[in-house]
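Per-entry structural report
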Amino acid sequence: ARAARLESVHNAVEQGRLAAAAILGAARPVEECPWFWSDQFELKLQIAGLADGHDRVVVRGDPEESKFAAFYLRGDRLLATDAVNSPSEFLGSKKLIARGARVDPRLLADPAVPMKQIVAHGGQPLKESQ
């Protein structure tokens, strides 16, 4: 792991949980992947993970309609997601990133495949698509 400044509410809460556990001698809490959000007029921007080191970007949805997600991968491992008015892609990505999941990029690119289904199958091809 590398040191980085993450100035967000989520990171402040995570640091507090880790510090409290250390002070109490409790087990280290499970850490979530970093996430951020911002509401900009009619746009809800949500980011999960950190895109450093990505070598591929897969887009799901239509940026012209202001509803899409950009998935950042290194190989087939999902590192981060930028979601614009796409809460299910954001929430699903958080789970996949936390698991270190390898994800079939074709599934991420296909808006006909629900994100819940991708998460349920661990990012791997669905039986009916094989």
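The structure we're discussing is the one just above.
Residues numbered from 1 in each chain as written. Predicted model: local features only at pLDDT ≥ 70, side-chain atom pairs only at ≥ 80, totals over all residues. Heavy atoms only, no water.

1. Points about unusual backbone geometry
Put simply, the rule reads: Secondary structure follows DSSP: runs of H or I at least 4 residues long count as helices, runs of E at least 2 residues long count as strands, and numbering of each begins at the N terminus. Remark: exposure states derive from per-residue accessible area (1.4 Å probe, protein chains only) relative to the maximum for the residue type, with buried under 20%, exposed over 50%, and partly exposed in between.
If you check the backbone angles, Ser66 has positive phi at about 55° while not being a glycine. Within the secondary structure, Ser66 is located in the loop between strand S3 (56-62) and strand S4 (67-74). Owing to a relative accessible area of 28%, Ser66 belongs among the partly exposed residues under this scheme. A positive phi is found at Asn85, a non-glycine position, where the angle reads about 50°. When you line up the elements, Asn85 lands in the loop between strand S5 (77-84) and helix H2 (87-99).

2. What to know about the layout of surface pockets
Here is the rule we go by: In this analysis, the protein atoms alone were mapped onto a 1 Å grid. Cavities are point sets where a 1.4 Å probe fits without being able to get out; pockets are open sets with protein on both sides within 12 Å along at least five of seven lines; lining residues have an atom within 4 Å of a point. Grid points are joined across faces, edges and corners, and a volume is the space filled by probe spheres set on the points. Side-chain classes are defined by residue name, with Ala, Val, Leu, Ile, Met, Phe, Trp, Tyr, Cys and Pro counting as nonpolar, Asp, Glu, Lys and Arg as charged, and the others, Gly among them, as polar.
Looking at the second largest pocket, its volume works out to about 220 Å³. Forming the walls of the second largest pocket are 16 residues, and the residues nearest its centre are Leu6, Asn11, Glu14, Leu18 and Glu31. Those elements that place two or more of their residues in the lining of the second largest pocket are helix H1 (9-24) and strand S1 (35-40). Counting residues per element, the lining of the second largest pocket draws most heavily on H1, at 5 residues. Its residues placed into classes, the lining of the second largest pocket shows 7 nonpolar, 4 polar and 5 charged.

3. Digging into a nonpolar patch on the surface
Just so we agree on the cut-off: Patch definition: residues above 30% relative accessible area lacking any salt bridge, with like charges linked at up to 9 Å and the nonpolar side chains Val, Leu, Ile, Met, Phe, Trp and Tyr linked at up to 5 Å. Every accessible area reported is derived by Shrake-Rupley at a probe size of 1.4 Å, with residue values counting cover from the shown protein chains alone. Only one rule defines a salt bridge in this text: a Lys or Arg side-chain nitrogen within 4 Å of an Asp or Glu carboxyl oxygen.
A cluster of nonpolar side chains, contributed by Val9, Val13 and Trp37, occupies part of the molecular surface with about 300 Å² of accessible area. By secondary structure assignment, the location of Trp37 is in strand S1. A relative accessible area of 44% means that Trp37 is categorised as partly exposed.

4. A short note on the nonpolar core
One recurring pattern in soluble globular proteins is that nonpolar side chains are buried together. Here is the rule: For this analysis, a nonpolar core means a set of buried residues of the types Ala, Val, Leu, Ile, Met, Phe, Trp, Tyr and Cys, connected via side-chain atoms within 4.5 Å. Note on contacts: a residue pair is in contact if any heavy atoms of the two residues lie within 4.5 Å.
Grouped together as the largest cluster of nonpolar side chains are 19 residues, with contacts concentrated most on Phe71, Leu78, Leu96, Val103, Leu108 and Ile118. In this structure Leu96 touches Leu78, Ala101, Val103, Met115, Ile118, Val119, Gly122 and Gly123, once residues within four positions along its chain are discounted.

5. Quick look at the pairing of S3
Successive side chains on a regular strand alternate, one facing one side of the sheet and the next facing the other. The condition is simple: A strand pair is defined by DSSP finding two or more bridges across the two strands.
Sheet topology places S3 next to S4; 7 bridges connect them, and they run antiparallel. Paired with Val58 across the bridge in S4 is Phe71. The turn joining S3 and S4, which pair antiparallel and follow one another in sequence, is formed by 4 residues; a positive phi near 55° is taken by Ser66.

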